[in-house]
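One-letter residues, chain by chain:
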Amino acid sequence: QSDRFSNWIFKDSLENGKWELHDMNKKDSTMVNNENIVMTGYYKDWKKQGAFLYYDYTHSFYLNLYSEKKHKKKFKNGDIKFLRRIENYKDGLLNGLTTIKNNYNPEYSISESNFVNGKKNGVETIYYRDLPFGRKYLNIYKDDTLYLWYKYKEDGTLQISGELIDNNKYLCIVYDTLGKIEYKLSYINGILNSYQKYDSLGYLMVEAEGKFRLSKFIEDNVDCLVKTKFIHPSELVLYS
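Everything numeric here is computed off the predicted structure, so don't read it as measured data.

Student: Any chance you could break down the environment of N34 for me, citing the residues and the numbers?
Tutor: Residue placement: N34 occurs in the loop between strand 1 (17-22) and strand 2 (37-44). Taking the C-alpha atoms as reference, N34 lies 8.6 Å from H22; in sequence the two are twelve residues apart.

Structural data, given as structure tokens:
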């Protein structure tokens, strides 16, 4: 099965024990070693159990871009294998922390998400790809439903906050550069249906309700953008 972050993922129904996938042709199977593993994990009672590790490759150029300045370390030119993704399973379902590593600098993460019985529950943190430890989103999930989130600028200041008010209704607040409320926006099924704009003193300047035009890109991709875990409904305020 194709996956966004790895070339392959294992399905359930494999026999008990440890399984490995190697990036090589069958005719080269005698050359199997740790350097060509792309995925590994254990099965119990025909189901995934414990940690599953996914490996990928990144070019040393990206690693050197950060490592030379911060760690005084330089990598040789070429592709370097690194641990890309860590998933934890219990009885075949995601359970515990899932971590995706930064291919620019594998010492840092792109995201960390917590699962309980196959569903996102609790805190999820998404980081800026080119800003180690720079938090971009802080999300709170309950049974796979995003009901509270915060988006931060690269300097760490809060840019947008949002919460699930009802089944399909979201309230988002956009903050100005001083941290004051600039907009309050209401979404239903991912579509903006009303907003209020405030001035720097907190006074209401504009209030509107109705159907708002979106860019063609958003109209063509609105379902994908709202459902994906990396772009929130609040992102649509930028295009309305």
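Student: Kindly report on the pattern of salt bridges, identifying the contributing residues and their values.
Tutor: Inspection of every chain in the model, using the stated rule, returns four salt bridges. One salt bridge in this structure joins E20 and K18, with 3.5 Å as the shortest N-O distance. Judged by its relative accessible area of 48%, K18 is partly exposed.

Student: Explain the pairing of strand 14 (residues 191-198) residue by residue, including any values.
Tutor: For strand 14, the tally of buried residues reaches six of eight residues, placing the bulk of the element in the interior. Taken together, the six bridges between strand 13 (residues 181-188) and strand 14 define a ladder with antiparallel strand orientation. Of the residues in strand 14, the one forming a bridge with Y187 is L192. Bridge analysis of strand 14 against strand 15 (residues 204-209) gives five bridges, and the strand direction is antiparallel. Looking at the pairing, Q196 lines up with E207 of strand 15. Where strand 14 hands over to strand 15, the hairpin turn is made up of five residues, of which G202 adopts a positive phi near 95°.

Student: Describe the pairing of strand 13, with residues and values.
Tutor: Where strand 12 (residues 169-175) meets strand 13, seven bridges bridge the pair, whose relative direction is antiparallel. Each residue of the ladder has a partner; that of K169, found in strand 13, is I188. Hairpin connection, strand 12 to strand 13: the antiparallel pair is bridged by five residues, and G179 has positive phi, about 85°. Counting the residues in the hairpin turn of strand 13 and strand 14 gives two residues, including N189, whose phi is positive at 55°.

Cut-offs used in this document
Position numbers for residues count from 1 along each chain, tracking the sequence in the order it is written. Selection of residues for local features in this predicted model requires a pLDDT of at least 70, selection of side-chain atom pairs for listing and counting requires 80 or more, and totals for whole chains, interfaces and linings are taken over all residues. Excluded from the side-chain calculation are hydrogens and water; included are all heavy atoms of the structure. A run of DSSP states H or I qualifies as a helix once it reaches four residues; a run of E qualifies as a strand once it reaches two. Both are numbered from the N-terminal end. Counted as salt bridges are all cases of a side-chain nitrogen of Lys or Arg within 4 Å of a carboxyl oxygen of Asp or Glu. Note on classification: 1.4 Å probe, protein chains only; a residue is buried when its accessible area is under 20% of the maximum for its type, exposed when over 50%, partly exposed between these limits. Pairing between two strands is assigned when DSSP locates at least 2 bridges connecting them.

Treat this as a map of the structure, not an account of what it does.
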